[in-house]
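# Report on the structure
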Amino acid sequence: FATVYDVERELLSGQFQMTKDYDGKHGSVTWLKHDSDHNEGVVDLGALYNKEKGAIVYARTRFEFSVDSPAEIRLGTVNANKVWWDGELVTSNEIYHAAMEIDQYIGKIHITPGVHELIVKVCQNEQTEPWAQDWKFQLRICDPEGLGILPVVP
């Protein structure tokens, strides 16, 4: 959770390269594109990574907005997590296997017209109990009252 890996350093310094390979737990790792088809936007990392234990996943995306508004990043996850908006850490929670709820963790941001970058770090620990197998997250961007703010669609 606290370790800043090369990929995190590069993401936060603006030197991110989508095609670069990194040293991973079991050898070389690279980025993959993934879209959730879950009706509430849950990304099931356990399914993507065969319930790997003692592992970290970084997710990155970019959004374009046409509004200038206070906003919130709302994250639900059972795992330890960090979220950055345009390189600024907005929420950090080293809690493992808490119950997952929508809008569980909230980071305050300000949206301005233009392109913004979102980075999420989700950590899975080594626990092997059946109740500790979930490794997933869901995230949304909304106004302070919880109404979704939609990005510009090209």
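Higher on the page you've got the structure.
For the structure given in this document, a descriptive report is provided here. (Residues numbered from 1 in each chain as written. Predicted model: local features only at pLDDT ≥ 70, side-chain atom pairs only at ≥ 80, totals over all residues. Heavy atoms only, no water.)

Turning our eyes to something else, we now look at the nonpolar core. For soluble globular proteins, nonpolar side chains are generally found buried alongside one another. Of all hydrophobic cores here, the largest spans 22 residues; its most connected members are Ile 73, Trp 85, Ile 109, Ile 111 and Ile 141. Looking at this core element by element, the count peaks at four residues for strand E4 (residues 55-65). Setting aside chain neighbours within four positions, we find Ile 73 in contact with Val 83, Trp 85, Val 90, Tyr 105, Ile 106, Gly 107, Ile 109, Leu 118, Leu 139, Arg 140 and Ile 141. Leu 11, Trp 31, Tyr 58 and Ile 119 belong to the second-largest nonpolar core, a separate cluster that totals eight residues. (Core = buried A, V, L, I, M, F, W, Y, C linked by side-chain atoms within 4.5 Å. Buried < 20%, exposed > 50% of the residue type's maximum accessible area, 1.4 Å probe, protein only. Helix = DSSP H or I, 4+ residues; strand = E, 2+ residues; numbered from the N terminus. Contact = heavy atoms within 4.5 Å.)

On to the sheet that holds strand E5 (residues 69-77). Taken in spatial order, the four strands line up as E3-E10-E5-E8 in an open sheet, and their pairing is antiparallel. This sheet does not close on itself; its edge strands, each paired only once, are strand E3 (43-44) and strand E8 (105-111). Pairing analysis gives six bridges linking E5 to strand E10 (residues 136-142), with the strands arranged antiparallel. Among the inter-strand pairings, Glu 72 is bridged to a residue of E10, identified as Cys 142. (Pairing = 2+ DSSP bridges.)

Moving on, we get to the environment of Ser 36. Tracing the chain through its elements places Ser 36 in the loop between strand E2 (27-29) and E3. In sequence terms Ser 36 and Gln 138 are 102 residues apart; their C-alpha atoms lie 9.4 Å from each other. Here the side chain of Ser 36 touches His 38 through a polar contact of 3.1 Å, landing on its backbone nitrogen. A polar atom in the side chain of Ser 36 sits 2.6 Å from the backbone oxygen of Val 42. (Polar contact = N/O pair within 3.5 Å; in protein donor to acceptor, adjacent residues only side chain to side chain.)

On to the side chain of Lys 53. In this structure, Lys 53 sits in the loop between helix H2 (45-48) and E4. The side chain of Lys 53 is buried and forms no salt bridge, while Glu 129, the nearest opposite charge, is found at 7.0 Å. Not counting chain neighbours up to four residues away, the residues in contact with Lys 53 comprise Lys 25, Gln 124, Asn 125, Glu 126, Gln 127, Ala 132 and Gln 133. (Lys, Arg positive; Asp, Glu negative; His and termini not counted. Salt bridge = Lys/Arg side-chain N within 4 Å of Asp/Glu carboxyl O.)

Two elements, strand E6 (residues 80-85) and strand E7 (residues 88-93), share five bridges in a ladder whose sense is antiparallel. Counterpart to Trp 85 in the pairing with E7 is Glu 88. If you look at the hairpin formed by E6 and E7, you'll find two residues sitting between the two strands, and Asp 86 has a positive phi there, around 50 degrees.

Evaluated as defined, the whole model comprises ten salt bridges. Across the salt bridge formed by Glu 52 and Lys 25, the nearest N and O atoms sit 3.0 Å from each other. In this pair, Glu 52 is assigned in the loop between H2 and E4 and Lys 25 in the loop between strand E1 (22-24) and E2, connecting sequence segments 27 residues apart. Residue class for Lys 25 comes out partly exposed when judged on its relative accessible area of 47%. It is possible to trace a salt-bridge network through shared partners that takes in Glu 72, Arg 74, Asp 103, Lys 108 and Arg 140.

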